[in-house]
Amino acid sequence: QSTENQTVETNSKYLFAANHGLILGLIIGVIYLLEVFFPEAKLIRALCSVGEIATLFLVYRFIKKYREQQMGGFISFGQAWYISFLLYAFAAVIAAVFQYIHMQVLQPDYLSELFNQLLLGFEQAGLTSEQMDLFLDMKVPTPIQVTFTYIFAYILGGAFISLIMAAILRKEDYLANN
């Protein structure tokens, strides 16, 4: 395969992952905002749960689409894992924008309120004053710190889910390899 063909194939892979990761990230971002702003609404919680399951189905459909349209109907485990991982990586960055805007603009006191709720919970649980002092020494994280932690955790979780997706969706062309 020529270098030019490899470059086009690589660009096509990243473009596919970016476009479809955008869709996934928007869905995840909206789910995040709904869960934050309507934590007690049972209907919203049910819709969010359905949405979270739907994102898994979407990733499955996206990888299958990639396999059929870009890979001629065949994809190795490694290729399937990589495209799935890229989808989750792009989605994590898009969804993190929602989270950052929430914590920085829409509810700037969110993290300090959450920190105070944790303190009350620890107090009710009977933590000693020494244990409480240790917790108080940890400052409230900034929205950007939480956002980067979220991106890392989501990409890590996506890498794990990608293993399962790749195992399900791999389809080798055994005739071409023999």
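Let us look at the structure shown here.

1. A look at the overall build of the protein
The helix and strand inventory of the protein stands at seven helices and zero strands. Helices and strands in the protein line up, N terminus first, as α-α-α-α-α-α-α. The C-alpha atoms of the protein give a radius of gyration of 21 Å, which is well past the 16 Å a tight globule of 178 residues would have. Considered along the principal axes of its C-alpha atoms, the protein spans approximately 70 × 35 × 30 Å. Entry remark: accessible area of the protein is about 11,200 Å², with carbon and sulfur atoms responsible for 65%. Of the side-chain charges in the protein, 10 are positive and 14 negative, and the distance between the mean point of each set is 16 Å.

2. Some points on the nonpolar core
By size, the foremost hydrophobic cluster in this structure holds 24 residues, and its most contacted members are Ile28, Val59, Ile63, Tyr66, Ile75 and Ile83. Tallying contributions element by element places helix 3 (residues 77-106) first for this core, with nine residues. Apart from residues no more than four positions distant in its own chain, Ile75 is found in contact with Tyr66, Arg67, Ala80, Ile83, Leu169, Arg170, Lys171 and Glu172. In this structure, Tyr32, Val36, Leu111 and Val146 belong to the second largest nonpolar core, which totals five residues.

3. Concerning the pattern of salt bridges
Applying the stated rule across the entire model yields one salt bridge. We note a salt bridge from Arg67 to Glu68, for which the minimum N-O separation is 2.8 Å. Accessibility expressed as a relative area gives 39% for Glu68, which makes it partly exposed.

4. Some words on the side chain of Thr147
Tracing the sequence through the fold places Thr147 in helix 6 (residues 143-169). In contact with Thr147, other than residues within four places in its own chain, are Ala96, Gln99, Tyr100 and Met103.

Quick notes on the rules
- Residues numbered from 1 in each chain as written.
- Predicted model: local features only at pLDDT ≥ 70, side-chain atom pairs only at ≥ 80, totals over all residues.
- Heavy atoms only, no water.
- Helix = DSSP H or I, 4+ residues; strand = E, 2+ residues; numbered from the N terminus.
- Rg over C-alpha atoms; globule rule 2.2 N^0.38 Å.
- Areas by Shrake-Rupley, 256 points an atom, 1.4 Å probe, with all protein chains shown as cover.
- Lys, Arg positive; Asp, Glu negative; His and termini not counted.
- Charge placed at Lys NZ, Arg CZ, Asp CG, Glu CD.
- Core = buried A, V, L, I, M, F, W, Y, C linked by side-chain atoms within 4.5 Å.
- Buried < 20%, exposed > 50% of the residue type's maximum accessible area, 1.4 Å probe, protein only.
- Contact = heavy atoms within 4.5 Å.
- Salt bridge = Lys/Arg side-chain N within 4 Å of Asp/Glu carboxyl O.

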